[in-house]
Amino acid sequence: MSESELKEEVIKALKDVYDPEIPVDVYELGLIYEIKIFPINNIYILMTLTSPSCPSAGTIPAEIEAKVRAIEGVNDVSVELTFDPPYSTEMMSEVAKLELGFM
């Protein structure tokens, strides 16, 4: 699988992870800041949460790691949580904004 194909698979996996309080996946919400693919299919994901006090802070990153690790050919997964820059609703995709009534 090429790097671009693998990245597409990672994005598909991310679209299966939802913030339990919001009916939109973490990718469309704009919580994923960066996806890097390193040699031998090691995946690095830089992400944030809707707020530093998010009650799902422990579960969402773990679920992301598990879903991405389940992709055939993935060797290792590292998920890093950041709050810089802070999350805002402007980071949402148009799909998410429509779903949540922001448009």
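Structure first, text after, so check above.
Residues numbered from 1 in each chain as written. Predicted model: local features only at pLDDT ≥ 70, side-chain atom pairs only at ≥ 80, totals over all residues. Heavy atoms only, no water.

## Observations concerning helix α3 (residues 59-69)
Under the convention used in this document: Three labels apply to residues, based on accessible area from a 1.4 Å probe with only protein chains included: buried if under 20% of the type maximum, exposed if over 50%, partly exposed otherwise in between. By definition, any uninterrupted DSSP run of H or I lasting at least four residues is a helix, any uninterrupted run of E lasting at least two residues is a strand, and each is numbered from the N terminus. Starting at the helix axis, one direction is taken to each C-beta atom, and the arc is that of these directions. Residue contacts follow a heavy-atom distance rule, with two residues in contact if any of their heavy atoms lie within 4.5 Å.
Here α3 has its buried residues at I60, P61, I64 and V68. Each buried residue of α3 sits inside an arc of 100° when the element is viewed along its axis, so together they form one side. Residues of α3 that are buried sit in contact with α1 (3-14), α2 (26-29), β1 (32-38), β2 (42-47) and β3 (76-81).

## Side note on the sheet that holds β3
Put simply, the test is: A pair of strands is considered paired only if DSSP assigns at least 2 bridges between the two. Axes, fitted as lines to C-alpha atoms, cover a helix only where it is in contact. Angles between the N-to-C directions of the axes lie from 0 to 180 degrees.
Ordered by their spatial adjacency, three strands build an open sheet running β1-β2-β3, and the pairing between neighbours is mixed. Of all the strands in the sheet, the pair left with one neighbour each is β1 and β3. For this sheet, the mean inter-axis angle between neighbouring strands, taken without regard to orientation, is 15°. Two strands pair when backbone bridges link them, and β1 and β2 are joined in this way by six bridges, in the antiparallel orientation. Across the sheet, the residue bridging to E34 is L46, located in β2. Each of β1 and β2 is contacted by α1, which is oriented at about 140° to β1, the strand it contacts most. Together, β1, β2 and β3 form the strand contacts of α3, whose direction differs from that of β3 by roughly 155°.

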